[in-house]
Amino acid sequence: MMQSSSNRGVKISLTIDGQEVRTVEGSTVLEAAQGVGIYIPTLCHYPGLPPYGACRLCIVEIEGMRGYPTACTTPVAPGMVVRTQTAELAERRRQILQLILSEHPYTCLVCADRQWCGSYQTTTRKSGVTTGCQFCPNNNQCDLQDLVHLLGIEEVSFPIAYRNLPVEGDPFFERDYNLCILCGRCVRACQEVRGIGALAFTFRGNEALVGTAFGRELLESGCQFCGACVDVCPTGSLAERRAKWEGKADRSVTTVCPYCSLGCSLDLGLKAGRIIRTRPSEGGINRGQLCVKGRFGVQEIVHSADRLHSPLVKRGGRWVETGWKEAIEEVAKRFSPWVNTDKFALISSPNCTNEDGWVLQKFARTVMGTNQIGFSPPYLHPDWGCLWGTGLEGDLDEVCTAGFFLCLGTDFSLSHGVVGVEVRKALSQGAHLLSIGYRGANWQSPPGGEVSLILAIAKLLCAEEGMEPPQEGFAQILKEIDLSYLKRSTGISKEEVEGIARLIRDHQPLVALIGPGVTSFDAIRAAYGLIWLLRANGLKAVVLPLFGANNFRGTCDMGLAPGYFPGLERVEGEKARVHFERLWGGKLNPVRGEEILPGIEGQKVKALYLVGDLPPLSFLKKLELLVVQAIYPSKVAEYAQIILPAASFAEVDGTFTNFEGRVQRVRRGIKPPGRAKPDWWICSQIAQRMGASGFNYSRASQITAEIAGAVPGYQGVSPRRLRGKGVLTTLAKPIPKPPKLPNKRTSQPFNPHYPFTLVAVDWLFGYRGASLSERVKGMELIYPARPLQMNEEDMAKLGLGEGSKVKLSCRQGELHLPVSKARGLPSGVVSIESNLIPGPWRLVKELFTSGGLAVRIEPDE
């Protein structure tokens, strides 16, 4: 609940229904009563929404106060005497509720024979469609239904005024405003909590309705389909399409969302061994909010009809289903020739749990004797994982108090939507924003321009504000920045950058949000350098790396970043190597692993254990052995000799680590389909079959305990401590020393032969190789399933339609892909998802190094 007083925290006393109540000054009468278990009926009130007082059902009597004030809007006062249950109040509440019911299909609510509905499935004809409580999606979970029974309403004395409105359908929920009671919960959730304003009251008086401006579709009104309006609706007016007729869940399990790296707490509603709906958990870091992926994108991913159910071995060119014993023996036999060679590699998934990642890297190092380890997408800079845990990072609470936001590659309509809620809230309270990127940005950067801009800000802070660079090398880099070329390299003038520098100085703290739209390693290092400069000169500043994948940070912490042991300790470091040799009881390879995909293309790597996901790169055919461990079949799996079925996040126990370094507990809600198993179990069985010790795990908590005893910053992590918001880890590095900053860079000059800029983004709508846009009905309307995306006007100029095949060519090679229009993408920019780039490797490497490539787009004849 929003605080209404700056004095909140001081305790005062009042009397409610003869009971002395102590509560916090600034609370409302309703909050005080609820705090001691005194019930006051209400419909418009909802936890987390500001007081409204529209339904007037919470009226009370207060000595010395005229009339019947509403408890939800009346602040408490010392010595106040309140009565909530009197005959006069009961009668007035019944009259108010009858008036509300007169505009709601209420026949079933007051029917004397309603107890027989469950047996005979009776219904009545109302509001233009066949409805009735028995066939309402909110039956037996409806606030209005509960109040009718509680207040004893048996008839409605007011004239009936049905609206007879058509039901409006949107991608994920239906809006039946015939059932709307105008409580305003949905409007307030959209406007005041989410900060979007897609919903509003339209018209006035007895014609008042909830709707969108000018009657537009929700897709065109800025709606992000977070489902917050559905969650707060007290009737069946807003109903989730997929779960509309599922009824109440038998039970719920709280776990962690598997999509972005915020790690929202998620309540899985379970019935008959299946997930029927997902809701935000009130006790998590997401504060009762979700985005479209977590709210509507789970059921169809977990319960997909083409989930892998059994191990498959290719024999004679055909897939043969087999049991686990035979499959494990086959994998162990085929892995054995590659032990202690540099020709074996392992690619994991950042969607796997920490326990999965720990076992996988341990297997690669102790059983296979290799550091050829990576994770999807495998195009990132080899030192990508070394940046985190520097001591410059903050947590989500820092967003709430920010004075200035520097956003790189963020688009909160597509990823980290709950972080976007907090950003919009801070902006409404006076914070400032500089957003750099291609989608949802107020400054669209040319490739390389973001590096020049950030370093120019740092240089001006030193020159104009007297700040001292924290390192001689940093000072030299800033000295080389030529501000006279700023407009050419960034598209923004020196005067504008000076204004930005002054805003940063005057509005602290600075929070740098690095989103999944950033693939340039130099851009990230430049942002870290700016934060380092500010912190070294006494200013408040933090960086929040908003990774695209949910367990990106945990995957790096577990040692799956190329060249790093668990805890982000370098493989070349003798101290770390000796530590893990003692822990695991054997010698470890001291040679840093090389990049895996070039190794496969050059036939240096000949055997691959793929637990992550890759695009169907043609050179994967060169592998002599490919073992795929996955949840779904894929095009890459067609190159494999063995496929092992893995369990999804909803079917395993374990932990995830979010972008803050917060470890949270993942809880199993349902059983895996068929013979599918957790990734850690599969890998452990392979290790044991190959004669390795130290892999005799029977449950995930044993692995969690091993991690807690071995990985710096994870000490004390255990399932018992991971309640609520989890545990924040610190890698305890000796800071403050961020990574080396890039040299001065300028953007690429415009080339008329290559008029478009190709940029890569992290795969925002994927999970373990599955596309939400393809598998979740309605999701493609939010984010197209095709890998290549363009501005709609650019497509029209080239005569391209949705799904048209195009040839993308540049100096590094060419691609042939279908194209899709993208909302929010500027003219001249072409976007491609990192996990879906089919090569060639030279093109991919340059794209991720430079942050963008000049390309030509033409219809593919």
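The structure reproduced in this document is the subject of the present report. Just so it is clear, the model here is predicted, and its values are computed rather than measured. (Residues numbered from 1 in each chain as written. Predicted model: local features only at pLDDT ≥ 70, side-chain atom pairs only at ≥ 80, totals over all residues. Heavy atoms only, no water.)

### Considering the nonpolar core
Counting 179 residues, the largest nonpolar core has Phe-335, Trp-358, Phe-363, Phe-405, Leu-513 and Tyr-609 as its most contacted members. When near neighbours in sequence (up to four residues on either side) are disregarded, Leu-513 contacts Val-399, Phe-405, Leu-406, Cys-407, Leu-408, Thr-410, Phe-412, Val-423, Leu-544 and Leu-546. The next biggest cluster of nonpolar side chains, apart from the first, holds 46 residues, and it includes Ile-347, Leu-758, Leu-817 and Val-830. (Core = buried A, V, L, I, M, F, W, Y, C linked by side-chain atoms within 4.5 Å. Buried < 20%, exposed > 50% of the residue type's maximum accessible area, 1.4 Å probe, protein only. Contact = heavy atoms within 4.5 Å.)

### Examining the sheet that holds strand E8 (residues 173–175)
Read across the open sheet, the three strands follow the order E7-E8-E11; overall the sheet is antiparallel. The outermost strands of the open sheet, each flanked by one partner alone, are strand E7 (168–169) and strand E11 (238–240). One ladder, built from three bridges, connects E8 with E11; its direction is antiparallel. For Arg-175, the partnering residue across the bridge sits in E11 and is Leu-238. (Pairing = 2+ DSSP bridges. Helix = DSSP H or I, 4+ residues; strand = E, 2+ residues; numbered from the N terminus.)

### Description of the pairing of strand E17 (residues 344–348)
Most of E17 is tucked away, with five of its five residues classed as buried. Burial along E17 is two-sided: the face carrying Phe-344, Leu-346 and Ser-348 and the face carrying Ala-345 and Ile-347 are both buried. Read as a crossover between parallel neighbours, the route from E17 over helix H11 (residues 354–367) to strand E18 (residues 373–375) is right-handed. (Right-handed = clockwise from strand over helix to strand, strands pointing away.)

### Section: the packing of helix H14 (residues 449–465) against helix H17 (residues 494–506)
H17 packs onto H14 with a crossing angle of 70° between their chain directions and a minimal axis gap of 9 Å. Of the possible angle classes, the one that applies to H14 and H17 is roughly perpendicular. Of the two elements, H14 crosses H17, and the hand of that crossing is right-handed. When H14 is examined against H17, the residues Leu-453, Ala-456, Ile-457, Leu-460, Leu-461, Glu-464 and Glu-465 are found in contact with a partner set consisting of Lys-494, Val-497, Glu-498, Ile-500, Ala-501, Arg-502, Ile-504 and Arg-505. Within the contact of H14 with H17, the residues separate by chemical class into nine nonpolar, no polar and six charged. (Axes fitted to C-alpha atoms, helices over the stretch in contact; angles between N-to-C directions. Parallel < 35°, antiparallel > 145°, perpendicular 65-115°, else oblique. Left-handed = near helix turned anticlockwise from the far one by under 90°. Nonpolar A, V, L, I, M, F, W, Y, C, P; charged D, E, K, R; others polar.)

### As for the side chain of Glu-651
Turning to its location among the elements, Glu-651 is positioned in the loop between strand E28 (642–645) and strand E29 (654–657). Given a relative accessible area of 2%, Glu-651 falls into the buried group. A distance of 2.9 Å separates a polar atom in the side chain of Glu-651 from a polar atom in the side chain of Arg-307. When residues no more than four places from it in sequence are discounted, the contact partners of Glu-651 are Val-302, Arg-307, Arg-668, Ile-670, Lys-671, Pro-672 and Pro-673. (Polar contact = N/O pair within 3.5 Å; in protein donor to acceptor, adjacent residues only side chain to side chain.)

### So, helix H2 (residues 87–101)
The end-to-end C-alpha distance of H2, which contains 15 residues, comes to 21 Å, matching closely the 21 Å that a straight helix rising 1.5 Å per residue would cover. Those residues of H2 that sit buried are Leu-89, Arg-93, Leu-97, Gln-98, Ile-100 and Leu-101. (Expected span 1.5 Å × (residues − 1).)

### Some thoughts on the environment of Ile-457
On the secondary structure map, Ile-457 appears in helix H14. On the basis of relative accessibility, which here comes to 1%, the residue Ile-457 falls in the buried class. For the pair Ile-457 and Arg-502, spaced 45 residues apart in the sequence, the C-alpha separation amounts to 9.5 Å.

### Brief notes about the sheet that holds strand E14 (residues 274–280)
Judged by pairing direction, the sheet is antiparallel, and its three strands sit side by side in the order E12-E13-E14 without closing on themselves. Two strands close off the open sheet at either side, each with one partner strand: strand E12 (251–256) and E14. Neighbour to neighbour, the strand axes of the sheet diverge by 30° on average, direction disregarded. Note: strand E13 (residues 265–271) against E14, six bridges, orientation antiparallel. Across the sheet, the residue bridging to Lys-271 is Arg-274, located in E14.

### Things to note about the pattern of salt bridges
Across all of its chains, the model carries 33 salt bridges by this definition. The salt bridge partner of Asp-143 is Arg-185, with a shortest N-O separation of 3.2 Å. Linking Asp-143 in helix H5 (residues 143–151) with Arg-185 in helix H6 (residues 185–193), this pair joins segments that are 42 residues apart in sequence. Judged by its relative accessible area of 30%, Asp-143 falls in the partly exposed class. (Salt bridge = Lys/Arg side-chain N within 4 Å of Asp/Glu carboxyl O.)

### Section: the packing of aromatic side chains
Within the structure shown, the criterion is met by 19 aromatic pairs. Relative to Phe-225, the ring of Phe-173 has its centre 6.0 Å away and its plane inclined at 50°; by these criteria the two rings are tilted. Pair noted here: Phe-173 is in strand E8 and Phe-225 is in the loop between strand E10 (209–211) and helix H7 (228–232), with a separation of 52 residues, a long-range link. Of the residues examined, Phe-173 reaches a relative accessible area of 1% and is grouped as buried. Plain terms: the ring middles of Phe-765 and Tyr-783 are 4.7 Å apart, the flat faces sit at 5° to each other, and that makes the pair stacked. Here Phe-765, found in the loop between strand E32 (756–761) and strand E33 (766–767), pairs with Tyr-783, found in the loop between helix H24 (772–775) and strand E35 (788–790); they are 18 residues apart in sequence, far enough to count as distant. Accessibility expressed as a relative area gives 2% for Tyr-783, which makes it buried. One aromatic cluster is present, formed by Phe-172, Phe-173, Phe-225 and Phe-296 through successive ring pairs. A cation over a ring is seen here: Lys-362 above Phe-695, with NZ or CZ 4.9 Å from the ring centre. Geometry around Tyr-632 places Arg-775 over its ring, the cationic atom sitting 4.4 Å from the centre. (Phe/Tyr/Trp six-rings, centres within 6.5 Å; stacked < 30°, edge-to-face > 60°. Lys NZ or Arg CZ within 6 Å of the ring centre and 35° of its normal.)

### As for unusual backbone geometry
Apart from glycine, the bulk of residues carry a negative phi angle, and the bulk of peptide bonds sit in the trans form. In the segment running from Gln-508 into Pro-509, the intervening peptide bond is cis, with an omega of 0°. Checked against the element boundaries, Pro-509 lands in the loop between H17 and strand E22 (510–514). Backbone geometry at Asp-17 places phi at a positive 50°, although glycine is not the residue there. For Asp-17, the position within the fold is in the loop between strand E1 (11–16) and strand E2 (19–24). On the accessibility criterion, Asp-17 (33% relative accessible area) is partly exposed. Positive phi values are uncommon outside glycine, yet Leu-568 reaches one of about 60°. Tracing the backbone shows Leu-568 in the loop between strand E24 (564–565) and strand E25 (569–570). Looking at Leu-568, the relative accessible area reads 3%, which means it is buried.

### Focus: the state of the cysteines
Here, disulfide denotes a covalent bond that connects the sulfur atoms of two cysteines. Inspection of every chain in the model, using the stated rule, returns zero disulfides. Of all cysteine sulfurs, the one in Cys-229 lies closest to Cys-226, which takes part in no disulfide; the gap is 6.3 Å. Take Cys-226: its relative accessible area is 13%, and that puts it in the buried class. (Disulfide = S-S within 2.5 Å.)

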